[in-house]
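Here is how the chains run, residue by residue.
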Amino acid sequence: MKYIKSEKYNIQKFMSKIMGPNPIKLEEELLLDNKIKPNSVVCDLGSGQGLTSIFLVKEYGFKVYASDLWSEPEENRKFFEENNLTDEQIIPIKADALDLPFERNFFDAVVSVDSYNYFGRDKSYLDEKLMPFVKKGGYVYIAVPGMRHDCHDNLPKELLLSWTPEQLEYMHDIDYWRKIVSESEMSEIVEIKEMESNEEVWKDWLEQDNEYAISDRKSMEAGGGRYLNFIKIVLRKK
Ligand SMILES: C[S@@+](CC[C@H](N)C(=O)[O-])C[C@H]1O[C@@H](n2cnc3c(N)ncnc32)[C@H](O)[C@@H]1O
């Protein structure tokens, strides 16, 4: 696909903030034809260092809560200010997705790129921990790194060059995710499908010079990518 909105983010000051395969391109594909209206209040769930949150504000006109566990909100606030964004547009928050500090029915939508697989693998997660904070009729857009076919019983040696079996436990195929999210009674599935973004987003990540990208190169250069994909999940709160 052509990443029209993401092009201008392909510069070092933004790419130095990515924490995995290019999240901006993943988010652009995830939100193609999205149903979230401009000015909506949106939670970027697992926002990392805030790049995807900036993208949501600047490219889609949402008001964004950049919610993340591992990153520091003060650092993210600095990054937002450097990009001329104010507290009216974007709010950094340290928040555990398992214990969100918001009022019920607060968000028009939730967007989550490359992080839901860390905390959303329990079938009770949606109804107990996330959907209560989404307004009726609101949307949840998720992009997760996945596997073409679950192969946890017989992990390919290429994947084990970069990741332990415990780390690979975070990645699953479409059938697995469909089973998990269909347990939710508070939401309905709008769409689950394999994304087109794969090689392109990995390429941007593997070019980075940080220790994680360097370690990931071992698997990917040995051909591990053929077992992996990204999965798009769209849910609507009933
Ligand atoms: C690979 S990074 C991706 C960050 C960002 N979405 C991006 O694509 O640049 C995964 C993120 O998931 C977040 N995360 C993991 N467990 C979490 C939890 N329980 N609650 C909130 N965020 C969590 C981490 O803080 C981390 O920033």
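Let me begin by describing the structure that accompanies this report.

Calculation criteria
Residues numbered from 1 in each chain as written. Predicted model: local features only at pLDDT ≥ 70, side-chain atom pairs only at ≥ 80, totals over all residues. Heavy atoms only, no water. Salt bridge = Lys/Arg side-chain N within 4 Å of Asp/Glu carboxyl O. Helix = DSSP H or I, 4+ residues; strand = E, 2+ residues; numbered from the N terminus. Buried < 20%, exposed > 50% of the residue type's maximum accessible area, 1.4 Å probe, protein only. Near = heavy atom within 4 Å. Polar contact = N/O pair within 3.5 Å; in protein donor to acceptor, adjacent residues only side chain to side chain. Areas by Shrake-Rupley, 256 points an atom, 1.4 Å probe, with all protein chains shown as cover. Nonpolar A, V, L, I, M, F, W, Y, C, P; charged D, E, K, R; others polar.

This next bit is on the pattern of salt bridges. Pairs can form between side chains of opposite charge once their charged atoms are near each other. Scanning all chains against the criterion turns up 16 salt bridges. Note that Asp87 and Arg77 form a salt bridge whose closest N and O atoms lie 2.9 Å from each other. Of this pair, Asp87 sits in the loop between helix 4 (73-82) and strand 3 (90-94) while Arg77 sits in helix 4, and the two are ten residues apart along the sequence. Note on Asp87: relative accessible area 44%, which makes it partly exposed. The partner of Glu207 in a salt bridge is Lys203, with the nearest N and O atoms 3.5 Å apart.

What surrounds the ligand is a group of 16 residues, the closest being Gly46, Asp68, Asp96, Ala97 and Val113. Between a nitrogen atom of the ligand and a side-chain N or O atom of Asp96, the distance comes to 2.9 Å. At 2.7 Å from a nitrogen atom of the ligand is found a main-chain nitrogen or oxygen belonging to Val113. Notes on the ligand: free accessible area 600 Å², of which the protein chains cover 95%. In the shell around the ligand, the residues fall into nine nonpolar, four polar and three charged.

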